[in-house]
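# Structural overview for review
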Amino acid sequence: MEKSGDKNDFFVIKALEDGVNVIGLTRGSDTRFHHSEKLDRNEVMIAQFTDHTSAVKIRGKAIIQTSHGEVSTE
Ligand code: TRP
């Protein structure tokens, strides 16, 4: 059985305003942006950390839920 905190855990981002950016950063020694997703107010994105993505940067007002808990960018 999977335990919480595995790489395939998903996380939820809910935008609280228009134009929230969800930016994926590459895994490995070269850390760079590889994907940017724009969410409008009340849009939700469900994503995982993957072989390609080891970090996520969120710009704008949003609620982020993970297996570690919930955080807001406010
Ligand atoms: N192709 C990307 C990947 O498999 C898609 C992705 C997964 C992603 N998680 C993300 C993009 C988080 C942005 C943020 O890694």
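Residues numbered from 1 in each chain as written. Predicted model: local features only at pLDDT ≥ 70, side-chain atom pairs only at ≥ 80, totals over all residues. Heavy atoms only, no water.

### Considering the pairing of strand β4 (residues 44–48)
Residues of β4 alternate between two faces, with M45 and A47 buried on one and V44, I46 and Q48 left unburied on the opposite face. Here 5 bridges tie strand β1 (residues 10–15) to β4, and the two strands are oriented antiparallel to one another. Paired with V12 across the bridge in β4 is I46. (Buried < 20%, exposed > 50% of the residue type's maximum accessible area, 1.4 Å probe, protein only. Helix = DSSP H or I, 4+ residues; strand = E, 2+ residues; numbered from the N terminus. Pairing = 2+ DSSP bridges.)

### Some details on the pairing of strand β7 (residues 69–72)
By the bridge criterion, 4 bridges tie strand β6 (residues 62–66) to β7 in an arrangement that is antiparallel. Following the sheet pairing, Q65 is matched in β7 by E70. In this structure, the hairpin formed by β6 and β7 is closed by a connection of 2 residues.

### Considerations on the sheet that holds strand β3 (residues 33–39)
Taken in spatial order, the 3 strands make up an open sheet running β3-β2-β5, and their pairing is antiparallel. Every interior strand has two partners, whereas the edge strands, β3 and β5 (53–59), have only one. Adjacent strand axes in the sheet meet at a mean angle of 20 degrees when their direction is disregarded. (Axes fitted to C-alpha atoms, helices over the stretch in contact; angles between N-to-C directions.)

### Thoughts on the pattern of salt bridges
Within the structure shown, the criterion is met by 1 salt bridge. Between D30 and R32 there is a salt bridge; the shortest N-O distance is 3.1 Å. (Salt bridge = Lys/Arg side-chain N within 4 Å of Asp/Glu carboxyl O.)

### Thoughts on the site of the ligand
The local shell around the ligand consists of G24, H34, H35, Q48, T50, H52, T53 and V56. Between the ligand and Q48 there is a distance of 2.7 Å, counted from a nitrogen atom to a backbone nitrogen or oxygen. Contact distances for the ligand include 2.5 Å between an oxygen atom and a side-chain N or O atom of T53. Contact with the protein chains removes 72% of the 360 Å² of surface that the ligand exposes when unbound. (Near = heavy atom within 4 Å. Polar contact = N/O pair within 3.5 Å; in protein donor to acceptor, adjacent residues only side chain to side chain. Areas by Shrake-Rupley, 256 points an atom, 1.4 Å probe, with all protein chains shown as cover.)

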